[in-house]
Amino acid sequence: MKKIVILFSGSGTNMQKIIENLKEKVEILECITDKTKAKGIEIAKIANIKTTILKSKKGTELNNELIAHLKDKNIDLVVCAGFMRILSPEFVKEFKAINIHPSLLPRHKGINAIEKSFEDKFDDAGITIHFVDEGVDTGKIISQVKLLKEEGENLQEFGKRIQKLEHENYSKVIEKILFTF
Ligand code: GAR
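This structure is a prediction, so every number in the text was calculated from the model and none was measured.

Draft legend 1. Layout of the environment of Lys39. Counting through the fold element by element, Lys39 comes out in the loop between β2 (27-33) and α2 (40-46). We classify Lys39 as exposed; its relative accessible area is 64%. Between the C-alpha atom of Lys39 and that of Ser11, which follows or precedes it by 28 residues, the distance is 4.6 Å. Once residues within four sequence positions are removed from consideration, Lys39 is found in contact with Gly10 and Ser11.

Structure follows, in structure tokens:
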């Protein structure tokens, strides 16, 4: 069975969908977070998946801890699902990793991408799933899904539609990466 780990920092709704959709098809070895109070920890616990909270705080130390922790576990894919840390060049050399981002990259890299998309001049917005490289939201794009902005829609409604697109698409792309590439 293919082996994945999921990295997350926050509420873990993408992680939850991945667990629901893929738990019978792949081995989700563990869910790993950098935040002791991440809401997603409860989701992983309920799903009975091992949860690891990283001890390191600083970027380099955290990356080294992560590399040491995952080494020799034969992981096929590292799935970032709202993991708000930059993975180091050493990490991305060692592991194949993908990320989901709530904008049509290269528009709005980094934080607050939903707010920035909502306010920008374009009629469309959407999500991007991409390989992780050493930059911030810069890796090779695997898939993008668009939506059109709606007249009179507020930020909350727009954010919900973006989140729905993420939930509907991330597991499918993970499966594709694991089983067809
Ligand atoms: C998601 O919208 C994801 O695209 C975003 O964080 C959110 C996590 O939500 N990631 C990034 O902005 C990465 N640059 P979740 O914890 O509920 O899955």
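Now that the structure has been shown, we can carry on.
Draft legend 2. Summary view of the layout of surface pockets. The calculated volume of the largest pocket comes to roughly 840 Å³. Lining the largest pocket are 33 residues, and of these Gly82, Phe83, Met84, Ile100 and Pro102 sit closest to its centre. Those elements that place two or more of their residues in the lining of the largest pocket are α1 (13-22), β5 (97-101), α5 (113-119) and α6 (155-180). A per-class count over the lining of the largest pocket returns 13 nonpolar, 14 polar and 6 charged.

Draft legend 3. The pattern of salt bridges, seen in detail. Following the criterion strictly, the structure yields 13 salt bridges and no others. With its nearest N and O atoms 3.4 Å apart, the salt bridge here joins Lys25 to Glu175. Separated by 150 residues along the polypeptide, Lys25 in the loop between α1 and β2 and Glu175 in helix α6 bring together distant segments of the chain. Since its relative accessible area comes to 41%, Lys25 is described here as partly exposed. The class for Glu175 is partly exposed, based on a relative accessible area of 24%.

Cut-off values and rules
Residues numbered from 1 in each chain as written. Predicted model: local features only at pLDDT ≥ 70, side-chain atom pairs only at ≥ 80, totals over all residues. Heavy atoms only, no water. Helix = DSSP H or I, 4+ residues; strand = E, 2+ residues; numbered from the N terminus. Buried < 20%, exposed > 50% of the residue type's maximum accessible area, 1.4 Å probe, protein only. Contact = heavy atoms within 4.5 Å. 1 Å grid on protein atoms, 1.4 Å probe; cavity = no way out; pocket = protein on both sides within 12 Å on 5 of 7 lines; lining within 4 Å. Points joined across faces, edges and corners; volume = space filled by probe spheres on them. Nonpolar A, V, L, I, M, F, W, Y, C, P; charged D, E, K, R; others polar. Salt bridge = Lys/Arg side-chain N within 4 Å of Asp/Glu carboxyl O.

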